[in-house]
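Observations on the three-dimensional arrangement
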Amino acid sequence: MNNKYPIEEPMCASQVRTAVKVPLVLSSGETVPSEIVSFTGLSDGKEHFAVKLGSPDMESPLIRLHSECVTGDVFGSARCDCGPQLNEALESLHRLGGYLLYLRQEGRGIGLYRKLEAYGLQDKGYDTYAANRELGHGDDEREYDVAADMLKALDIERVTLLSNNPDKKAQLVAAGIKVDSQVPTGVFLSESNRKYLEAKVLHSNHTINIHRAGGQEQ
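Note that the structure is predicted; figures quoted are calculated from it, not measured.

**Details of the packing of aromatic side chains**
Considering all chains together, one arrives at one aromatic pair under this definition. Their ring planes at 20 degrees and their centres at 5.2 Å tell us that phenylalanine 49 and tyrosine 102 sit as a pair that is stacked. Of this pair, phenylalanine 49 sits in strand S5 (residues 49-53) while tyrosine 102 sits in strand S7 (residues 98-103); the two residues are 53 residues apart in sequence, bridging distant segments of the chain. A cation over a ring is seen here: arginine 79 above tyrosine 119, with NZ or CZ 4.2 Å from the ring centre.

Now the structure itself:
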């Protein structure tokens, strides 16, 4: 064997670019400290970022992968549960310590304009997944290998995952992140998002107990 040129372990291409302290106002009204982290070398070139809250247990920090939803996160759309899930995650991460990875994957990866077109189809009776397929897209086009890159750049190799979505865990594990456990999020059911939540359970096996939440609609 030729040992003249030893094989080096590949380094993670992504690195922390900037980390800045930003006070955040939680849905409870409390203002809390946070650190927002940007990255270089992410595989898709998008401006994903992480938000560090509290004092994470770096052996297996609590992690929330949250895909961007302008309509829900910013404008409070009741057609999905994204806004309430984001608010709950920030509250939990502040209390327990951890990171929220904010992923620019609007509309399960199809973008804002196509998501709005899918809304139009949903108004005609399609569920959220059937509407995507009618537009020529997959049920869920999000990829979480970029989230694994972000975690590796933060020197995080094992996590406690805050999610109801089994695909997030499966993709993280496939990308080399050990998921020690998965913690479910709350169920934010309303008449406006009932069909959306039912479709997530039916098509992608989200662990959402809609019947249990039925008597506590928001």
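**So, the nonpolar core**
Membership of the largest hydrophobic core comes to 24 residues, with the highest contact counts inside it found for Phe39, Ile63, Leu65, Leu101, Leu103, Leu151 and Leu172. For this core, the secondary-structure elements that each account for two or more residues are strand S4 (34-40), strand S6 (62-67), S7, helix H5 (145-153) and strand S8 (158-162). Top element by residues in this core is H5. It accounts for six residues. Residues within four places of isoleucine 63 in sequence aside, it is in contact with Tyr99, Leu101, Leu151, Ile156, Val159, Thr160, Leu161 and Leu162. Counting residues in each nonpolar core, the second largest holds 13 residues, with Leu24, Leu26, Val51 and Leu90 among its members.

**Structural notes on the side chain of glutamate 91**
Structurally, glutamate 91 can be placed in helix H2 (residues 82-96). Comment: no salt bridge for buried glutamate 91; closest opposite-charge side chain is arginine 95, at 5.8 Å. One polar contact links glutamate 91 to serine 27, side chain to side chain, over a distance of 3.3 Å. With sequence-adjacent residues up to four places away left out, glutamate 91 is seen in contact with Leu26, Ser27 and Ser28.

**Focus on the sheet that holds S5**
With mixed pairing, the seven strands of this open sheet are ordered in space as S1-S4-S5-S7-S6-S8-S9. Each end of this open sheet is capped by a strand with a single partner; those strands are strand S1 (15-21) and strand S9 (178-183). When strand polarity is set aside, the average angle formed by the axes of neighbouring strands in this sheet is 30 degrees. Pairing of S8 with S9, which is carried by five bridges, proceeds in the parallel orientation. Its bridge partner lying in S9, leucine 161 is registered against glutamine 182. Set on the sheet, H5 makes contact with S1, S4, S5, S6, S7 and S8; between it and S7 the angle comes to about 140 degrees.

**Details of the confidence of the model for the protein chain**
Overall, the prediction assigns the protein chain a mean pLDDT of 86, with 81% of residues at 70 or greater. Scored below 50 in pLDDT, residues 1-10 shows zero contacts in the model against residues more than four places distant or in partner chains. Between residues 212-218, whose pLDDT stays under 50, and residues either more than four places distant or in other chains, the model counts ten contacts.

**Concerning unusual backbone geometry**
In the Ramachandran plot, arginine 108 falls in the positive-phi region, its phi being about 55 degrees despite a non-glycine side chain. Tracing the backbone shows arginine 108 in the loop between S7 and helix H3 (112-122).

**Considerations on H3**
Looking at H3, one finds that the buried residues are Lys115, Ala118, Tyr119, Leu121 and Gln122. The buried residues of H3 occupy an angular sector of 160 degrees when projected down its axis, which confines them to one face. Contacts from the buried residues of H3 go to helix H1 (70-74) and helix H4 (128-134).

**Points about a negative patch on the surface**
Residues Asp44, Glu141, Glu143 and Asp145 make up a contiguous surface patch of negative charge. Following the sequence through the fold, glutamate 143 ends up in the loop between H4 and H5.

Rules and cut-offs
- Sequence positions are assigned chain by chain, starting from 1 and proceeding in written order.
- This being a predicted model, a pLDDT of at least 70 is required before a residue's local features are given, and a value of 80 or more before pairs of side-chain atoms are given or counted; all residues contribute to the totals for chains, interfaces and linings.
- Computation of side-chain values covers all heavy atoms of the structure but excludes hydrogens and water.
- By convention, a stacked pair of Phe, Tyr or Trp rings (six-membered ring in the case of Trp) has centres within 6.5 Å and planes under 30 degrees apart, an edge-to-face pair has planes over 60 apart, and any other such pair is tilted.
- We count a stretch as a helix when DSSP gives it H or I for four or more residues in a row; a strand needs E for two or more, and each element gets its number in order from the N terminus.
- Any Lys NZ or Arg CZ that is within 6 Å of a ring centre and within 35 degrees of that ring's normal is treated as a charge sitting over the ring.
- As used here, the term nonpolar core means buried Ala, Val, Leu, Ile, Met, Phe, Trp, Tyr and Cys residues forming a set that is joined through side-chain atoms within 4.5 Å.
- We call a residue buried when its accessible area falls under 20% of the maximum for its residue type, exposed when it is over 50%, and partly exposed in between, using a 1.4 Å probe and counting protein chains only.
- In what follows, residue pairs with any heavy atoms lying within 4.5 Å of each other are defined as contacts.
- The sign given to each residue is positive for Lys and Arg and negative for Asp and Glu; His and the chain ends receive no count.
- Just to be clear on terms, a salt bridge is a Lys or Arg side-chain nitrogen sitting within 4 Å of an Asp or Glu carboxyl oxygen.
- Pairs of N or O atoms within 3.5 Å make up the polar contacts considered here, provided that, within protein, one atom can donate a hydrogen while the other can accept it, and that residues adjacent in sequence are counted only when both atoms are side-chain atoms.
- Here, a strand pair is defined by DSSP locating no fewer than two bridges between the strands.
- Whenever a helix is involved, its axis is fitted only over the stretch in contact; in every case the axis is a line through C-alpha atoms, and angles between N-to-C directions fall within 0 to 180 degrees.
- Known as pLDDT, the predictor's per-residue confidence is scaled from 0 to 100.
- Regarding the arc, it is the one traced by the directions from the helix axis to the C-beta atoms.
- Surface patches are drawn from residues lacking salt bridges whose relative accessible area is over 30%; two like charges belong together within 9 Å, two nonpolar side chains (Val, Leu, Ile, Met, Phe, Trp, Tyr) within 5 Å.
- To measure how exposed things are, a 1.4 Å probe is used in the Shrake-Rupley method; for residues, cover is taken only from the protein chains shown.
- Note that the charge is assigned to NZ on lysines, CZ on arginines, CG on aspartates and CD on glutamates.

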